[in-house]
Amino acid sequence: MRHLLLGAAALLLAPAPDLGAQQRTVDPALLQGMQYRLVGPSRGGRVTAVTGVPTQPRTFYMGVASGGVFRTTDGGAKWQPITDGQIPVASIGDIAVSRADPNTIYVGTGSDGVRSNVSTGRGVYKSTDNGTTWSFAGLYDVGQIGAVRVHPTDPNTVWVAANGDIFKPSAARGVFKTTDGGKTWRKVLYVSDSTGAMDVELMPGNPNVVFAWMSRLERKPWSIISGAREGGFYKSSDGGETWAPIKAGLPQELIGKGNLAVTAADPNRLYALIEALPGGGLYRSDNAGASWQLVNSTPGLTQRPFYYTTLGADPTNADVLYAGAETFYKSVDGGRTLTALRTPHTDNHDIWVSPTDGN
């Protein structure tokens, strides 16, 4: 009997004996009792995006580098793929569930965790029926998407941080905004054709205040370019319509990838994990981004920053935050000291903390 091995990449059939012109058939009834079973390996690829639903504490979503979006409704005991056959891009950059309507979900394609192998993103996809069906929601040419943020009370207002084409200069990069659920988009923050948006965040309690980090991240056949002499931190006070760069206390020379974290415990407290030379590390602002100070320069925070650089803050205690690279860190004193926490794998690409429960 032929042996069938079902793997992640291919279905392999052991070659049958050469029967020449003779043809043989097998009664299908003989195969009805056969079932596939896992013979290994029992692990998948990297997870690039995670999020949860505050009103459904056992529901979580994860996006992966090469397999779409999965969901669990039992706290992770079982996961189901929910985008197979509907979203034609396997690489996921970010996932956002509307707090006003958890049935509305946005997915930005194209992971911004860039390394030697890169799958180009192809825009934003949207579901309005809790992930049962998906439709294209624009921004086909913006490449890798680092963040998707939904207005807390309006599921049709969304901001997207887009790095742009990872392989070449392009004007289709920056912060984009829609107010009609993805039917139309406007590019509201643009620096240059080589500097894209790495992250965008909303001030808790006041979504008119929007923060963004801009930098250059480009892949060449022989190298990865991460950083330039333009970009950095930007702030808007009118919902992202106009922006102002803020440099006080931040690195001023080569500026690379950055990630921002906000906390409802103190809406004026911001954290930024920044790749820079000189001056890379963890920064903090206590005045809504008007000025910053370097609070920790532990080298592990910015290890392989083009591939990692992730940050999350506790919503109930502004001094508690988490940072991830090849080590997963926790701080309970506003970033001044760090404790390394053990995780199942050394790579840590994304963090989600419930906006209503710091546990």
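Here the structure is a predicted model, which means the values were calculated and not measured.

A. Spotlight on the overall build of the protein. What the protein contains, in helices and strands, is zero helices and 28 strands. Against the globule reference of 21 Å for 359 residues, the protein gives a C-alpha radius of gyration of 22 Å, in line with a compact fold. Taken along its principal axes, the extent of the C-alpha atoms in the protein is 80 × 45 × 40 Å. A buried classification covers 50% of the 359 residues belonging to the protein.

B. Representation of unusual backbone geometry within the structure. Between L277 and P278 the backbone carries a cis peptide bond, its omega angle lying at -5°. The topology assignment puts P278 in the loop between β22 (270-277) and β23 (281-285). Even without a glycine there, the phi angle at A288 is positive, about 60°. On the basis of relative accessible area, A288 is assigned to the buried category, the value being 6%. The phi dihedral of R304 is positive, around 40°, even though this residue is not glycine. Within the element layout of this structure, R304 appears in the loop between β24 (293-296) and β25 (310-313). Using a relative accessible area of 32% as the deciding quantity, one classes R304 as partly exposed.

C. Representation of the environment of P221 within the structure. By secondary structure assignment, the location of P221 is in the loop between β17 (217-220) and β18 (223-226). Sequence separation between P221 and F233 is 12 residues, and the spatial gap between their C-alpha atoms is 29 Å.

D. Local environment of the confidence of the model for the protein. Summary statistics for the protein give a mean pLDDT of 92 and a share of 92% for residues scoring 70 or more. Predicted confidence is poor over residues 1-17, with pLDDT under 50, and the contacts of this stretch with residues over four places away or in other chains come to 16 contacts.

E. Up close: the packing of aromatic side chains. One pass over the full model with this rule turns up seven aromatic pairs. Between Y125 and F136 the ring centres are 5.4 Å apart and the planes differ by 65°, which places this aromatic pair in the edge-to-face class. Taken together, the residues Y125 in strand β9 (residues 124-127) and F136 in strand β10 (residues 135-136) connect sequence positions 11 residues apart. For F136, a relative accessible area of 43% puts it in the partly exposed group. A connected cluster of aromatic rings, assembled from ring pairs, spans Y125, F136 and Y140. Sitting over the face of the ring of Y190, K187 holds its NZ or CZ atom 4.0 Å from the ring centroid.

F. Just the nonpolar core, in detail. One finds F211, W213, F233, L250, I274 and W292 to be the most contacted residues of the largest nonpolar core, which totals 21 residues. Among the secondary structure elements, those contributing two or more residues to this core are β15 (196-203), β16 (206-215), β21 (254-262) and β22. The element best represented in this core is β22, accounting for four residues. Aside from chain neighbours lying at most four places away, what touches I274 is W213, L250, P251, K257, G258, G280, G281, Y283 and T302. V150, V158, A172 and W185 belong to the second largest nonpolar core, which has 15 residues in total.

G. Structural detail: the environment of R122. Mapped onto the elements of the fold, R122 is located in the loop between β8 (105-109) and β9. By relative accessible area, R122 is classed as partly exposed at 31%. Spatially, the C-alpha atoms of R122 and N348 are 24 Å apart, while their sequence positions differ by 226 residues. Aside from chain neighbours lying at most four places away, what touches R122 is V89, T109, F136, L139, Y140 and D141.

Calculation rules
- Residues numbered from 1 in each chain as written.
- Predicted model: local features only at pLDDT ≥ 70, side-chain atom pairs only at ≥ 80, totals over all residues.
- Heavy atoms only, no water.
- Helix = DSSP H or I, 4+ residues; strand = E, 2+ residues; numbered from the N terminus.
- Rg over C-alpha atoms; globule rule 2.2 N^0.38 Å.
- Buried < 20%, exposed > 50% of the residue type's maximum accessible area, 1.4 Å probe, protein only.
- pLDDT = per-residue confidence, 0-100.
- Contact = heavy atoms within 4.5 Å.
- Phe/Tyr/Trp six-rings, centres within 6.5 Å; stacked < 30°, edge-to-face > 60°.
- Lys NZ or Arg CZ within 6 Å of the ring centre and 35° of its normal.
- Core = buried A, V, L, I, M, F, W, Y, C linked by side-chain atoms within 4.5 Å.

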